[in-house]
Amino acid sequence: MTTAEGNRGWVSFRDGLWEECTVVEAEENELKLKLKDGTTKSLKRADIGFAYRNPSDVEDLDDFLNLPNLDEPNILHSVRVRYWKHHVYSYTGPILIAVNPWRRVNIYEQSVLEHYTSSNEDLPHIFGIATKAHRAMRKTNRNQCVLISGESGAGKTESTKQVLRVLTAMGVKDPNEKADASKPTLESQVLMTNPVLEAFGNAKTLRNNNSSRFGKWINVHFDPQGKIRGAEIQTYLLEKARVIHQTPGERNYHIFYQLCSASKDSALLQDLGLADATVFNYTKGCITANNVDDDAEYKEVKEALTYIGFDENAIQAIFGAVSACLHVGNLSMGEDKDGNALLNEDSHLVAVASLINVEADAIRRAMCSRMIHAGGEVMVKPETMEKANQCRDALGKALYNNLFDYLVTRVNHALNVSEGNVETVEVSVLDIFGFEVFQTNHFEQFCINHANEKLQLHFNHYNFMLERELYAEEDIEFVATDFVDNSACVDLIEAKGWGIQSLLDDVCNTPKGDDTVFLERLLQSGQMKTSTYFGAPKVRNNTFVINHYAGSVAYNVKDFCEKNKDALAIDLVHLIQGSTSVFLQVLFEEHISPDQAAKQAAQGGHAHGSLAHKSVSMTFKADLSNLMASINLADPHFVRCVNPNAQKKAECFEDQKAVEQLRCGGVIEAVRMCRESYPNRYAHSEFIKVFQCICPGMQTIPNDSRATIAGMVKALKIPPEKVRLGKTLVLLKREVVDGLEKMRQKVLGGSAKKLQCLVRDFQAFKELAKKRDARARFLSSLRLQAAARRKLARSNFTKMVKNARFEEKKRLAEEEAKRRKAKGLPPAAAVVMPDEDEDEEPAAATVEVLEDDRVQEVEEIKEEEKRVVPGSDEAPAVSPLCIRIQVHAEGVTEA
């Protein structure tokens, strides 16, 4: 690591916004930093966030635990470096970080899968995690689980599918074993559940075109030989509100658009009342999604349903229920002069009555009025149009939710563990929504963050145990770290008697309980006031605050009670249970019958017309407790999915978004826990290589790096409590590393300056030689040009002299001829012009002159290099202009 790299760092003036800097001077309590914009500032350590930056050659390591400086800015930067190098996966100890590339990548081919399942490849990949889980299950005979989490658009669904691909590939039966060709294999059935669950449980959101709107826990059972014997799926918190309302730019569940798109070419679907998605209120907001072919996916879903075990009648009934949901959303309400609701007669009412096999008048009575049981009597009260619309939407949500639960039940029945006498071991996959923080957070976010809080508690305990194991392996005395135990936050949510869930259920069971009463109960609770995890806004704005492990979240209590009750009116249950459709009766068989409702009302319960059942929070709490019990019995493998940007674009990395997800996913907390006590860890060879320069008199001990390092620690006078020397690692406090780096910079600083001076000297001499050579070549060309011009001038001068002499002789001859003629004398001989080649120098002489000129030029260049003295007495070469003047003058004189 060069001195320049050793001075590099990261500084943060605001939470999460890290920028590059250079350390000019470092003191114990103050830093002098040169910032990215070129300014230099002296800052107190307590007022900023600061961390030294890792050397460039290690910033793209595939396991971040091997980085010398492992903290939030360096983790973020390494993720960013690997992203721009198109590496999707990275490790942080036991955690696999998966960054969604938002483009197709060729790392999931069958050849890659076979490579991971048939070798001990340790490069980070989702195939590697799944393979490791399967092999650990075979080796230890213990349950394994792969816990996948992340925000919408981070790639959880894709990661889950790839894990299942590996598990089914490694769990295939013996190829020599005869299989029934008429029956689908269990492995293929497990994979075929994906299209069905995605169609009915996934939707396009602003963050993702195929966002899973429910959590799922998939158990794959293996026999002692590692072969699949069965599977089961548990789902959590389907987003029912999406059925009736979607945010602008988002779609409803995929299955609605698949059926609507396929209906244009299918008479069977048209008979079910299906038409273009723009016809229905629940789907007409946003119709299309990028890279989604609804027609092709419809065919895939239908094929998957058949493969899992649904016959044509069952598939037709399922599609009919989906169509009924759409037509329910189009039921039009009006009101009479008294303000009572009226259900308008139209084609959608006829379609709903036909699809659920009831009379239109029964639908009208169930939605526009309600029965009230009081004192053994039954009264009918008209509903307002607003209440009737709520009743209509409640039926749509309940119908779709029950249909989804029915599908999951049937899928589990098809994947039921075969050969019950065989003991099986499980490899489970958890695909669950990550921690959510929006501008306005509601009951759904409260439940989701409750789940993540419990998962983080398990995650913290697991990493704490890993830290203890590392100390044991390195033969180092364990030092307790600052373990963050968020169990108090979990208790705040689910504690009996005073927890938020308990107070919410109490308010829901109160006749006049509503959201306002619930908020008052929270704010007035003594336990809430004393809890550091609970907060109340300074200004009443209908919210309360929970300080989660990933940050504080303000929850708006609007509709908390209604969503927690999630109760379907008795009249609507009676309506469905009165249907002649066996399929619909099965969907609502868990609801109580009319006779049970009357009996319950006679006993004084629930006169408001809703059914007694467990609240959503109570049900979710029980499901979550069962989930955590299963996780605690298994060895976990963690996958944290990261969405690099909100635009769903490739080649785009947003630092703030990424670091927030690393925090919410527990990655930063896990690293902090692993390195809180001794945050800087070096392998023996690395420590010797980096810091031997500040121990000049220290000699390495061959084949004993531990003794060598012990000597270096003693020579450097590092306090024993600030260093731990293990079998293969050296663990150091951060302040020790800062001091060592400062000493190293001083030692290497002088050498670096000398080296820089020598390099600059060499470069200067090299540049001077280049300039001299160029000047010599330039002067040589000038000499050659001068010699050529001189030769030409001499030739022209000779011709001019000859012509002048000839003209003079000719003039004299003419005068002589006139004189002779006048005297009667005979004429003299005529004057003849001499040949052009006469009196000219031969060619050989010309060549000889040029050669002599060249030799003379070389000698002149050498002399010029020896003496570069301005104003020399040496006469300059005669210019061609001077030669022309001399020739002209000579001609005139001779004439």
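See the structure printed just above.
Residues numbered from 1 in each chain as written. Predicted model: local features only at pLDDT ≥ 70, side-chain atom pairs only at ≥ 80, totals over all residues. Heavy atoms only, no water.

Draft legend 1. Molecular detail of the packing of aromatic side chains. Considering all chains together, one arrives at 25 aromatic pairs under this definition. The interplanar angle of 50 degrees and the centroid separation of 5.3 Å between the aromatic rings of Tyr-83 and Phe-653 together place this pair among those described as tilted. Taken as a pair, Tyr-83 in helix H2 (residues 72–84) and Phe-653 in the loop between strand S21 (635–642) and helix H25 (655–664) lie far apart in primary sequence, 570 residues in all. According to the relative accessible area criterion, Phe-653 is buried, its value standing at 12%. Note on Phe-534 and Phe-544: the rings are 6.1 Å apart at their centroids and 15 degrees apart in plane angle, and the pair reads as stacked. Here the residue Phe-534 occupies a position in strand S18 (residues 534–535), and Phe-544 occupies one in strand S19 (residues 543–548), the gap between them amounting to 10 residues. When its relative accessible area of 10% is taken as the criterion, Phe-534 is described as buried. Just above the ring of Phe-459 sits the side chain of Arg-640; from NZ or CZ to the centre is 4.9 Å. (Phe/Tyr/Trp six-rings, centres within 6.5 Å; stacked < 30°, edge-to-face > 60°. Helix = DSSP H or I, 4+ residues; strand = E, 2+ residues; numbered from the N terminus. Buried < 20%, exposed > 50% of the residue type's maximum accessible area, 1.4 Å probe, protein only. Lys NZ or Arg CZ within 6 Å of the ring centre and 35° of its normal.)

Draft legend 2. Region of interest: the packing of helix H15 (residues 443–473) against helix H24 (residues 616–632). Two elements in contact, H15 and H24, have axes whose closest approach is 11 Å; the angle formed by their N-to-C orientations is 20 degrees. By the criterion of interaxial angle, the relationship of H15 to H24 is roughly parallel. The two elements H15 and H24 cross, and the hand of that crossing is right-handed. Each of Phe-443, Cys-447, His-450, Ala-451, Lys-454, Leu-455 and His-458 in H15 lies in contact with H24, whose residues at this interface are Val-616, Ser-617, Phe-620, Leu-624, Ser-625, Met-628, Ile-631 and Asn-632. Here the residues of the contact of H15 with H24 sort into 9 nonpolar, 5 polar and 1 charged. (Axes fitted to C-alpha atoms, helices over the stretch in contact; angles between N-to-C directions. Parallel < 35°, antiparallel > 145°, perpendicular 65-115°, else oblique. Left-handed = near helix turned anticlockwise from the far one by under 90°. Contact = heavy atoms within 4.5 Å. Nonpolar A, V, L, I, M, F, W, Y, C, P; charged D, E, K, R; others polar.)

Draft legend 3. Structural view of the pattern of salt bridges. One pass over the full model with this rule turns up 32 salt bridges. The partner of Glu-59 in a salt bridge is Arg-8, and the shortest N-O contact between them spans 3.6 Å. Placement of the pair is Glu-59 in the loop between strand S5 (49–52) and H2 and Arg-8 in strand S1 (residues 8–14), with a sequence separation of 51 residues. A relative accessible area of 6% means that Glu-59 is categorised as buried. Lys-240 is the salt-bridge partner of Asp-566, the closest N and O atoms lying 2.1 Å from each other. With a gap of 326 residues between them, Asp-566 in the loop between helix H20 (560–565) and helix H21 (570–577) and Lys-240 in the loop between strand S12 (228–236) and helix H7 (241–244) connect regions that are remote in the sequence. A relative accessible area of 33% means that Asp-566 is categorised as partly exposed. Each member of the salt-bridge network shares a partner with another, and the members are Arg-8, Glu-20, Arg-53 and Glu-59. (Salt bridge = Lys/Arg side-chain N within 4 Å of Asp/Glu carboxyl O.)

Draft legend 4. Main features of empty space enclosed by the protein. Taken as a whole and judged by the stated rule, the model has 2 cavities of 30 Å³ or more. Along the walls of the largest cavity sit Tyr-83, His-86, His-87, Val-88, Val-99, Pro-101, Arg-103, Val-105 and Glu-651, which together make up its complete lining. In terms of residue class, the lining of the largest cavity is made up of 5 nonpolar, 2 polar and 2 charged. (1 Å grid on protein atoms, 1.4 Å probe; cavity = no way out; pocket = protein on both sides within 12 Å on 5 of 7 lines; lining within 4 Å. Points joined across faces, edges and corners; volume = space filled by probe spheres on them.)

Draft legend 5. Quick peek at unusual backbone geometry. At Asp-475, a residue that is not glycine, the phi angle is positive and equals roughly 60 degrees. Inspection of the secondary structure assignment puts Asp-475 in the loop between H15 and helix H16 (487–494). By relative accessible area, which is 52% here, Asp-475 ends up exposed. With phi around 60 degrees, Lys-717 is a residue other than glycine that occupies positive phi space. Structurally, the position occupied by Lys-717 is in the loop between helix H28 (705–715) and strand S23 (723–725). Classification of Lys-717 as exposed rests on a relative accessible area of 73%.

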